[in-house]
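Now for the letters of each chain:
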Amino acid sequence: MANPSASAAKTQIRSLLKEQLEGMTKGDRASSSQEICNRLAHWINARGDCRRISIYSALATEVDLSFLPAALHASFQFSYPLVAGARLQFFRVSDQSELKGGSYGILEPDPAIHEPVSLSDIDLCICPGLAFSPDGTRLGRGKGYYDAMLSGLRPDTPRIGAGFALQIRDSLPREEHDIPMSHLVTEREVMPIRAAAT
């Protein structure tokens, strides 16, 4: 059951973060996104057990992960989400140019040419969000797509929240249905969440 006070707080924070993110220049977003992808590539290579990675196509104000596949060896497999009704389905995509415009103006895979990926086959899930806190709480855009998907991952699958440093807040409201991240990544660092990190 939704907590009215938490829901109201989330709405207020979303409004503030959207305004702050829109204030970033395209150049700042691009350079910070590149640094985030570099940090992720280093972390993934050092870890060594994350071959099948789910990423996303970014909205204009989100961390752009399109640099990540090129930063990693070709042996890594990437899957992208497709909005299907009230949930996300993932499809393996080897060439980002094959993504096409879909829900909410986001580039999505094409089920006609891309192979579906089971959530149990994902070794690492990188998630967008409007805000994150050091305890792993993620604040999305309120649709609930990622919370529903995250609950279907293997328990040992790392869940990394990707955001710019300005998106990290000291604390955020969390409700029962909110699935915490195991790590956060910004242009400054990859940070494990002590209570959740695998």
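Further up the page is the structure itself.
Note that the coordinates shown come from a computational prediction; the quantities given were computed from them, not determined experimentally. (Residues numbered from 1 in each chain as written. Predicted model: local features only at pLDDT ≥ 70, side-chain atom pairs only at ≥ 80, totals over all residues. Heavy atoms only, no water.)

Caption draft 1: Local environment of the packing of aromatic side chains. All told, the structure shown has 0 aromatic pairs when counted by the stated rule. A cation sits over an aromatic face here: arginine 51 above phenylalanine 76, 4.0 Å from the ring centre. (Phe/Tyr/Trp six-rings, centres within 6.5 Å; stacked < 30°, edge-to-face > 60°. Lys NZ or Arg CZ within 6 Å of the ring centre and 35° of its normal.)

Caption draft 2: Representation of the side chain of glutamate 62. Within the fold, glutamate 62 resides in the loop between β1 (52–54) and α3 (68–71). With near-sequence residues (within four places) excluded, glutamate 62 lies in contact with Ser33, Tyr56, Ser57, Pro128, Arg141 and Phe164. (Helix = DSSP H or I, 4+ residues; strand = E, 2+ residues; numbered from the N terminus. Contact = heavy atoms within 4.5 Å.)

Caption draft 3: Spotlight on the pairing of strand β10 (residues 159–162). Burial along β10 is two-sided: the residues Arg159 and Gly161 and Ile160 and Ala162 are all buried. In terms of strand pairing, strand β7 (residues 124–127) meets β10 through 3 bridges, oriented parallel. Counted as the bridge partner of isoleucine 126 is isoleucine 160 from β10. With 3 bridges joining them, β10 and strand β11 (residues 183–185) adopt parallel strand pairing. Within β11, the position partnered with alanine 162 by the bridge is valine 185. (Buried < 20%, exposed > 50% of the residue type's maximum accessible area, 1.4 Å probe, protein only. Pairing = 2+ DSSP bridges.)

Caption draft 4: Just the sheet that holds strand β3 (residues 87–92), in detail. Ordered by their spatial adjacency, 8 strands build an open sheet running β6-β3-β2-β1-β7-β10-β11-β12, and the pairing between neighbours is mixed. Whereas interior strands pair on both sides, the edge strands pair on one side only; in this sheet they are β6 (115–117) and β12 (190–192). Each adjacent strand pair in this sheet contributes to an overall mean axis angle of 30°, direction not counted. Strand direction decides the pairing type here: β11 and β12, joined by 3 bridges, are antiparallel. Bridge assignment links histidine 183 to a residue of β12, and that residue is proline 192. (Axes fitted to C-alpha atoms, helices over the stretch in contact; angles between N-to-C directions.)

Caption draft 5: Representation of the state of the cysteines within the structure. Using the criterion set out here, one finds 0 disulfides in the structure. No disulfide involves cysteine 37; its sulfur sits 15 Å from that of cysteine 127, the nearest cysteine. Under the relative-accessibility criterion, cysteine 37 is labelled buried at 0%. Cysteine 50 forms no disulfide, and the closest cysteine sulfur to it belongs to cysteine 125, at a distance of 11 Å. (Disulfide = S-S within 2.5 Å.)

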